[in-house]
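The residues making up each chain are set out below.
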2 protein chains.
Amino acid sequence: MLGRWGANARGVGDDCAVLSVPAGERLCVSTDSSVENVHFRRGWLTPEEIGYRAAAAAMSDLAAMGAAPLGMLLAISVPPAWRGDLEAIADGVGALAAASDAPVLGGDTTAGAELSLTVTVLGSAQRPLMRGGARPGDTVWVTGALGGALAALRAFERGESPAPWARERFSRPVPRVREGRWLRLQGATAAVDVSDGLVADVSHVAAASDVRIVLDLDRVPTLGGMDPRDAARSGEEYELALTARELDGERFAGAFGVPLTAIGEVLDGGEPGVETRFRGDRVDLPPGHDHFSP
Amino acid sequence: MLGRWGANARGVGDDCAVLSVPAGERLCVSTDSSVENVHFRRGWLTPEEIGYRAAAAAMSDLAAMGAAPLGMLLAISVPPAWRGDLEAIADGVGALAAASDAPVLGGDTTAGAELSLTVTVLGSAQRPLMRGGARPGDTVWVTGALGGALAALRAFERGESPAPWARERFSRPVPRVREGRWLRLQGATAAVDVSDGLVADVSHVAAASDVRIVLDLDRVPTLGGMDPRDAARSGEEYELALTARELDGERFAGAFGVPLTAIGEVLDGGEPGVETRFRGDRVDLPPGHDHFSP
């Protein structure tokens, strides 16, 4: 696949890839699998989109740490029925690598009974943004608008073609890498990427920070007129949810062309966890997204 | 699985694992998949051995760089039929993590149609040992004794139980991590781990170093009286093959309880590649190990 990646591959061919972490910075690393019939079905996505999306899902974890990407590794299992698609899959990974300034540093290609991509991402930051830093008095923010991935998934599962805006959000999610770094430098106290669903992921922040968080679902930006109670459960959105004492949402939107919206507060006292409100009432949402059933 | 790993897991639970690379050292990273029916079959290995072996195979790449392990990540796809074995698999990964002083830093567990483990290893070294450093006048060395993995594979494929010494080499290979660091510090010029087969892997060194290498197969230590022409094609051995101007094999054996044997020379001139000799004659071996056919 090396030939496909060109300038987006580096140093592949030894037992390990060798790279330098900038002096004074800490290494951030995460591994993420995308498996046929678990994370996508053949026919929903093109091979190029499968590669892109698998890499984007992994890269989103670096975004949530406010880390600058150093590179990625791809382990891929390719069944006979997918062998002819390998170059297109590699093109998709390469497109995300180029967009994230994260060269492919190495990998492993094996046979297998199902298509499976495991992407490991490496990045660095002086003080990575963790989940445990939210403090009472902070505001909760979310980037972008939610619900597109769920709208696409619902259409796919009904055997229909999703609306283009929904399909785009499912097939080509944009990891908020530059946004994450900006937010870290602007004083964000905690962050998570929206992979399980907004409420589920903010719950991870509440648990790690040992704080109570109230989310006002009326304020959550949604796509296609989706009910925010649904959008707040939409997984694999790869937007960022974060906490900060103060942030300039307009400056963020101006810099990145993406909205940054205040959607809740970190409160003092009470049981740690997330409380959701909608139209003035407390609502309990069913558990978050757990992929589709194989 | 976190509970199973105890002190052998660290920092799991954020979007990324965060770690420090020692100042002045370069990061070495590699990813390696072990897939059911490609790298092993159910019934050949216990679940604990499957976990151990997958992690050992990845760790062996750090050994070949002479790098000190920093940690590892595990992505695992678990089919329903294997769910009850997950803790035993984790125990095997944990045993290798403990033996290598490489804590499990993070991971991803998903469903899947076949058992698949992708282990990413991270380590560091001031000057990692690459494949491209062999120079004319160097001697070629190999650690340990070869052939056990092939003997076990042949028995498994005949439906027989391998001899214990062969089974042990297949099921619990020992990545030569400490040995690799020692060899790097003692002046090794290039190294590779024996994963595809001795001749195939030394060919990688010859190609990367742009040198001609002559291997004297009569000198290759083998197990169980195996013909060295077979042992030189045995893959997944996870011994190290390396080049160096001078090394003290006896001191190595005393320090690690493993032989270090001179088996060839790096020569000046001629076409880059590996030439094999046996009983005084040049022999051409068939291509190296390529796993068993699924």
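Summarised in this report is the structure supplied together with it. (Residues numbered from 1 in each chain as written. Chains lettered and ligands numbered in written order. Predicted model: local features only at pLDDT ≥ 70, side-chain atom pairs only at ≥ 80, totals over all residues. Heavy atoms only, no water.)

The subject of this paragraph is the relation of the copies chain B and chain A. In screw terms, the move from chain B to chain A is a rotation of 180° and a rise of 0.0 Å along the axis, fitting with an RMSD of 0.0 Å. Taken together, the rotation and translation relating the two chain copies correspond to the operation of a two-fold axis. Interface overlap between copies is the fraction of interface residues in one copy that are interface residues in the other; for chain B against chain A it reaches 100%, indicating a shared surface. (Least-squares fit on C-alpha atoms with pLDDT ≥ 70 in both. Contact = heavy atoms within 4.5 Å.)

Here we come to the sheet that holds strand β12 (residues 281-283) of chain B. Residues and elements named next belong to chain B. The strand order β7-β9-β6-β10-β8-β11-β12 describes an open sheet built from seven strands, whose pairing is mixed. With one partner strand each, in any of the chains shown, β7 (188-193) and β12 form the two edges of the open sheet. Strand after strand, the sheet turns through a mean of 30° between neighbouring axes, direction not considered. (Pairing = 2+ DSSP bridges. Helix = DSSP H or I, 4+ residues; strand = E, 2+ residues; numbered from the N terminus. Axes fitted to C-alpha atoms, helices over the stretch in contact; angles between N-to-C directions.)

Turning to the sheet that holds strand β4 (residues 104-111) of chain B, a few remarks are in order. Across the sheet, which stays open at both edges, the five strands sit in the order β1(A)-β2(B)-β5(B)-β3(B)-β4(B) with mixed pairing between neighbours. Each of the sheet's edge strands pairs with one partner strand only, and the pair in question is β1 (17-19) of chain A together with β4 of chain B. Pairwise comparison of adjacent strand axes, ignoring direction, gives a mean angle of 15° for this sheet. Looking at chain direction, strand β2 (residues 26-35) of chain B and strand β5 (residues 116-125) of chain B are connected through 10 bridges and run antiparallel.

Contact with chain B, which involves 45 residues of that partner, is made by 46 residues of chain A. The contact between chain B and chain A buries some 3600 Å² in all, and 57% of this surface belongs to carbon and sulfur atoms. When the buried surface of chain B facing chain A is broken down by residue, Asp15(B), Val18(B) and Leu27(B) rank first, second and third, together holding 18% of it. Our count for the contact surface shared by chain B and chain A stands at four salt bridges. In this structure, the salt-bridge partner of Arg131(B) is Asp15(A), at a minimum N-O distance of 3.3 Å. Here chain B is connected to chain A by 17 residue pairs in polar contact (both at pLDDT 80 or more). If one sorts the elements of the side of chain B that touches chain A by residue count, β2(B) sits on top with nine residues. (Buried area = accessible area lost by both parts, 1.4 Å probe. Salt bridge = Lys/Arg side-chain N within 4 Å of Asp/Glu carboxyl O. Polar contact = N/O pair within 3.5 Å; in protein donor to acceptor, adjacent residues only side chain to side chain.)

According to the stated counting rule, one finds 36 salt bridges over all chains in the structure shown. For the salt bridge of Asp14(B) with Arg131(A), the shortest nitrogen-to-oxygen distance reads 3.9 Å. Remark: Arg131(A) occurs in the loop between β5 (116-125) and β6 (139-143) and Asp14(B) occurs in the loop between α1 (2-5) and β1 (17-19); the pair is interchain, linking two chains. Looking at Asp14(B), the relative accessible area reads 17%, which means it is buried. The exposure class of Arg131(A) is buried, given its relative accessible area of 12%. One salt bridge in this structure joins Arg158(A) and Glu160(A), with 3.2 Å as the shortest N-O distance. For Glu160(A), a relative accessible area of 42% translates into the label partly exposed. Shared partners join several salt bridges into a network, and the residues in it are Arg169(A), Arg176(A), Glu179(A), Glu237(A) and Glu239(A). (Buried < 20%, exposed > 50% of the residue type's maximum accessible area, 1.4 Å probe, protein only.)

This paragraph deals with the side chain of Ser33(A). Mapped onto the fold, Ser33(A) is located in strand β2 (residues 26-35). By relative accessible area, Ser33(A) is classed as buried at 2%. For Ser33(A), the side chain forms a polar contact with the side chain of Thr118(A), separated by 2.9 Å. Filtering out sequence-adjacent residues up to four positions away, Ser33(A) remains in contact with His39(A), Leu117(A), Thr118(A), Ala75(B), Asp108(B) and Thr110(B).

Attention now goes to helix α4 (residues 148-157) of chain B. Residues and elements named next belong to chain B. Taking burial as the measure, the 10 residues of α4 include eight buried ones, the bulk of the element. Turning to α4, its buried residues number three or more, namely Gly148, Ala149, Leu150, Ala151, Ala152, Leu153, Ala155 and Phe156. Tucked inside the fold, the buried residues of α4 contact α5 (164-171) and α8 (228-231). Once α4 finishes, Gly159 follows within two positions and takes phi at roughly 80°, a positive value.

On to the side chain of Ser171(B), then. Summarising the element assignment, Ser171(B) is placed in helix α5. Not counting residues within four places of it along the chain, the set of residues in contact with Ser171(B) comprises Leu45(B), Glu49(B), Tyr52(B) and Arg53(B).

One non-glycine residue with positive phi stands out, namely Glu236(A), at about 55°. Judged by relative accessible area, which is 7%, Glu236(A) ranks as buried. At Asp210(B), a position not held by glycine, the phi torsion is positive, near 60°. Here Asp210(B) falls in the exposed class, since its relative accessible area comes to 55%.

The next thing to look at is the environment of Gly6(A). Residues and elements named next belong to chain A. Positionally, Gly6 belongs in the loop between α1 (2-5) and β1. Its relative accessible area of 42% is what places Gly6 among the partly exposed residues. Placed 98 residues apart in sequence, Gly6 and Val104 show a C-alpha to C-alpha distance of 9.7 Å.

The next thing to look at is the environment of Leu267(A). Residue and element names in this part refer to chain A. Looking at where Leu267 falls in the secondary structure, it is placed in strand β10 (residues 260-267). For the pair Leu267 and Ala134, spaced 133 residues apart in sequence, the C-alpha to C-alpha distance is 9.9 Å. Dropping the residues within four chain positions of it, Leu267 is found in contact with Pro136, Arg212 and Val214.

Structural measurements only, silent on function.
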